[in-house]
Amino acid sequence: MEQSVIPVIVLSGFLGSGKTTLLLRLLKHANENGLRVSVLMNEVGKVDVDGVLVSSSTANQIIESITEGCLCCTKKSELASCLERLALQRPDVIVIELTGVANPEEIAEAMTEPAVIGKVALHRIITVLDAEHALDYNSIFSSDRELIRTLRRQIEVADAVIANKADLISDRTKVKVEQMVRERNPGCALVPAIRCDVPPDLAFAGIVRLSVKQLAFSRMGTPTSERSSPPLKLSLKSAGRPQQEAILVNSQPAQAQTNQSVSSSSQPDSSGSYSRVRTVAIYPEASPPLSRRHFEDFITGRGNRCLRAKGYMPFGTGGKLMLFQLAGRRVEWSPANYEGRPYFVMIGIDLNAAQIEQEWRKLTKS
Ligand SMILES: Nc1nc2c(ncn2[C@@H]2O[C@H](COP(=O)(O)OP(=O)(O)OP(=O)(O)O)[C@@H](O)[C@H]2O)c(=O)[nH]1
């Protein structure tokens with residue numbers, strides 16, 4: 001009888017910091033090394049852009065998505081059933097990518113529920129920091145205390161912090177970012193990185209392949225119910241968070257795109273950590289009558305209000321769909337395998353869906 005507890009790695013970090021970039025790296029490493037990974041992705045909005053991206057770049061992985069809410073608040077009740085489903089597949093490890101506005105500590109807490117104890121266990125929390133913007137968050141979000149608190153907790157409760165986007169900062173900023181992290185979390189592993197290129201052991205140290213676990217089980221005649229977990233070489237912080245087994249409850253499968261041609265906005269949650277953060281999704285016509293530059297202006301024209309945007313838009317050669325990403329103030333376009341209908345999602349503070357929809361209609365009226 002297989003009894004080992006499945007380790008769970010939680011990836012946290014603010015919107016656009018590089019969590020999906022890290023996830024893709026970890027999945028690649030896992031594939032190459034025969035580790036079976038199940039993934040749980042969470043988006044505050046209805047549309048699961050990252051899920052599409054991860055599904056299209058990985059094979060043999062089990063991916064679940066919970067959309068339209070944050071796992072640490074409105075969707076917390078779905079965590080256990082979802083974890084349970086993933087655990088049934090007997091992966092070697094489960095990786096949860098949180099929304100950018102989630103407090104990872106709430107996830108750790110959810111793993112103390114009786115329903116999940118003995119099935120999964122928190123392995124470590126890794127927080128990805130956008131080193132280019134992290135020092136500005138206090139001033140940008142000064143009006144949203146809850147959001148600032150969440151961003152601090154993302155650093156404080158992490159076992160490892162990746163100071164990502166090192167290519168975009170000066171040495172001076174690098175030192176300041178490191179100081180800021182050290183003040184909040186002196187004991188964590190702190191790793192500067194470009195595109196989350198970190199040693200895979202930062203996440204996977206101590207995780208044993210199922211086949212190896214089974215071998216150990218049959219040789220020793222005792223269950224490997226406590227997974228063997230050699231200490232991580234980089235210093236990890238585990239004090240102050242639950243050490244027991246974790247679990248998640250029921251999720252909703254990734255939503256197929258709806259037929260609505262315009263927008264949807266997530267409900268604010270008065271008790272949740274994302275407070276005033278809203279999402280708006282727009283499904284344009286196949287070839288919207290505007291240039292790529294006008295599209296970028298439309299998104300970036302909202303200043304700091306739009307914190308993150310992403311989607312697939314037909315601005316490639318011959319109208320080919322391209323992956324569009326805005327993180328902080330930076331826009332990035334890359335080739336995409338996606339073949340569905342174009343769409344884009346905006347995430348920001350107090351975004352007004354009706355107004356954005358109206359502006360979009362006006363802009364694209366032929
Ligand atoms: N220049 C630079 N860009 C990066 C780096 N890491 C990630 N990016 C870009 O930053 C954007 C956001 O990266 P993601 O990995 O999607 O970030 P995320 O945290 O998953 O974003 P959300 O889940 O939407 O909050 C993308 O355009 C990435 O290509 C980096 O080290 N340097």
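Residues numbered from 1 in each chain as written. Predicted model: local features only at pLDDT ≥ 70, side-chain atom pairs only at ≥ 80, totals over all residues. Heavy atoms only, no water.

### Observations concerning the pairing of strand β1 (residues 6-12)
Regular strands show a simple pattern: their side chains alternate between the two faces of the sheet. β1 sits mainly inside the fold: seven of its seven residues count as buried. Neither face of β1 is open: one carries I6, V8, V10 and S12, the other P7, I9 and L11, and all of them are buried. Where β1 meets strand β5 (residues 120-130), seven bridges bridge the pair, whose relative direction is parallel. Within β5, the residue paired with S12 across the bridge is T127. Two strands pair when backbone bridges link them, and β1 and strand β4 (residues 93-97) are joined in this way by four bridges, in the parallel orientation. Note on β4: the bridge partner recorded for V8 is I94. (Buried < 20%, exposed > 50% of the residue type's maximum accessible area, 1.4 Å probe, protein only. Helix = DSSP H or I, 4+ residues; strand = E, 2+ residues; numbered from the N terminus. Pairing = 2+ DSSP bridges.)

### Looking at the pattern of salt bridges
Within the structure shown, the criterion is met by 11 salt bridges. A salt bridge links K165 to D130; the shortest N-O distance between them is 3.4 Å. Of the two residues, K165 sits in the loop between β6 (160-164) and α7 (171-184) while D130 sits in strand β5, which places them 35 residues apart along the sequence. R195 serves as the salt-bridge partner of E332, at 3.1 Å between the closest nitrogen and oxygen. Of this pair, E332 sits in strand β12 (residues 330-335) while R195 sits in the loop between β7 (189-192) and α8 (201-204), placing them 137 residues apart in sequence. A single network of salt bridges, built from pairs that share partners, joins E105, R153 and E156. (Salt bridge = Lys/Arg side-chain N within 4 Å of Asp/Glu carboxyl O.)

### Regarding the side chain of S334
One can find S334 in strand β12. Among the residues examined, S334 registers a relative accessible area of 19% and is labelled buried. Residues within four places of S334 in sequence aside, it is in contact with M322 and L323. (Contact = heavy atoms within 4.5 Å.)

### Focus on the packing of helix α6 (residues 145-156) against α7
Interhelical geometry of α6 versus α7 gives an angle of 85 degrees and a closest axis separation of 8 Å. Taken together, the axes of α6 and α7 are roughly perpendicular relative to one another. Between α6 and α7, the residues in contact are R152, I155 and E156 and M180, V181 and R184, respectively. (Axes fitted to C-alpha atoms, helices over the stretch in contact; angles between N-to-C directions. Parallel < 35°, antiparallel > 145°, perpendicular 65-115°, else oblique.)

### Quick notes on empty space enclosed by the protein
A complete count under the given rule lists one cavity of 30 Å³ or more for this structure. Taken as a whole, the largest cavity spans an internal volume of roughly 30 Å³. When residues in the lining of the largest cavity are grouped by element, the largest group, three residues, is from α7. (1 Å grid on protein atoms, 1.4 Å probe; cavity = no way out; pocket = protein on both sides within 12 Å on 5 of 7 lines; lining within 4 Å. Points joined across faces, edges and corners; volume = space filled by probe spheres on them.)

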